[in-house]
Amino acid sequence: MRSNRQPISENTLNAALRSAGYAKDQMTSHGFRHTASTLLHERGYRSEWIERQLSHGDRNVMRATYNFAEYLPERRRMMQEWADYLDGLAAGAKVVNIKAARNS
């Protein structure tokens with residue numbers, strides 16, 4: 001069921017990936033989060049911004065309740081730069097095969 005009050009589940013996204021032809025060992029919806037986190041860290045963004053953006057919240061429930069907007073200007077800039085990076089890839093930017101780069 002779809003609802004404005006509840007997000008779709010990870011299984012819904014994984015089913016969409018399977019429908020698109022990705023096998024379970026190729027990509028999962030959580031894999032996108034992992035990839036984004038890794039690449040954003042490699043690009044030098046602060047861990048606090050990345051973790052907050054990925055909703056890896058504060059374990060202190062009371063403090064987490066009031067920190068939704070924490071680092072918001074920085075996160076907006078980071079997400080715009082991330083979107084620009086993805087747009088560049090979609091437009092044909094050079095993608096380096098990590099395995100091939102290691103072996104050269």
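You'll find the structure just up there.
Description of the structure in this document.

Conventions we followed
- Per chain, the residues get numbers from 1 upward, laid out in the order the sequence is written.
- Local features in this predicted model are restricted to residues of pLDDT 70 or higher, and side-chain atom pairs are both shown and tallied only at a pLDDT of 80 or more, whereas totals for entire chains, interfaces and linings draw on every residue.
- Think of the side-chain values as coming from all heavy atoms in the structure, minus any hydrogens and water.
- The helix count covers DSSP runs of H or I at least four residues long, the strand count covers runs of E at least two residues long, and both are numbered beginning at the N terminus.
- Only protein chains enter the area calculation, which uses a 1.4 Å probe; residues under 20% of their type maximum are buried, those over 50% are exposed, and those in between are partly exposed.
- In this description, contact between two residues means that some pair of their heavy atoms is separated by no more than 4.5 Å.
- Method for areas: the Shrake-Rupley scheme with a 1.4 Å probe, in which residue coverage is limited to the protein chains shown.
- The term salt bridge refers to a side-chain nitrogen of Lys or Arg lying within 4 Å of a carboxyl oxygen of Asp or Glu.
- Fitting a line to C-alpha atoms yields each axis, with helices limited to the stretch in contact; the angle taken between N-to-C directions then spans 0 to 180 degrees.
- Oblique is the label for every angle not falling under 35 degrees (roughly parallel), over 145 degrees (roughly antiparallel), or within 65 to 115 degrees (roughly perpendicular).
- Note on residue classes: Ala, Val, Leu, Ile, Met, Phe, Trp, Tyr, Cys and Pro are nonpolar, Asp, Glu, Lys and Arg are charged, and everything else, Gly too, is polar.
- In plain words, nonpolar cores are sets of buried Ala, Val, Leu, Ile, Met, Phe, Trp, Tyr and Cys residues tied together by side-chain atoms within 4.5 Å.

What about the overall build of the chain?
Of the regular secondary structure elements, the chain holds 6 helices and 0 strands. Reading the chain from its N end, one meets helices and strands in the order α-α-α-α-α-α. The burial tally for the chain puts 16% of its 104 residues in the buried class. Long-range contacts, defined here as pairs at least 24 residues apart, represent 33% of the contacts in the chain between residues at least 6 apart. Within the structure as shown, the chain displays about 8700 Å² of accessible surface, and the carbon and sulfur contribution to it stands at 53%.

Considerations on the pattern of salt bridges
Tallying each qualifying case throughout the model produces 3 salt bridges. Note that Arg46 and Glu48 form a salt bridge whose closest N and O atoms lie 3.3 Å from each other. A salt bridge links Arg52 to Glu70; its shortest N-O distance comes to 2.8 Å. Placement of Arg52 in helix 3 (residues 47-53) and of Glu70 in the loop between helix 4 (61-65) and helix 5 (72-90) is noted, with a sequence separation of 18 residues between them. Arg52 gets classed as buried once you look at its relative accessible area, which sits at 14%.

Things to note about the packing of helix 2 (residues 29-42) against helix 5
Interhelical geometry of helix 2 versus helix 5 gives an angle of 105 degrees and a closest axis separation of 12 Å. Taken together, helix 2 and helix 5 sit at an angle that is classed as roughly perpendicular. Contact residues: helix 2 offers Ala36, Leu39 and Leu40, while helix 5 offers Met78, Met79, Trp82 and Tyr85. When the residues that make up the contact of helix 2 with helix 5 are grouped by side-chain class, the tally is 7 nonpolar, no polar and no charged.

Regarding the nonpolar core
Buried together is how nonpolar side chains tend to be arranged in soluble globular proteins. If you look at the biggest cluster of nonpolar residues, it comprises 8 residues: Ala36, Leu40, Tyr45, Trp49, Ile50, Leu54, Met78 and Trp82. Of all the secondary-structure elements, those providing two or more residues to this core are helix 2, helix 3 and helix 5. Look past the residues within four positions of Ile50 in its chain and what remains in contact with it is Ser37, Leu40, His41, Tyr45 and Met78.

Observations concerning the side chain of Ser37
Tracing the backbone through its elements, the reader meets Ser37 in helix 2. Given a relative accessible area of 15%, Ser37 falls into the buried group. In this structure Ser37 touches Ile50, Glu51 and Leu54, once residues within four positions along its chain are discounted.

Just geometry here; none of it tells us what the structure is for.
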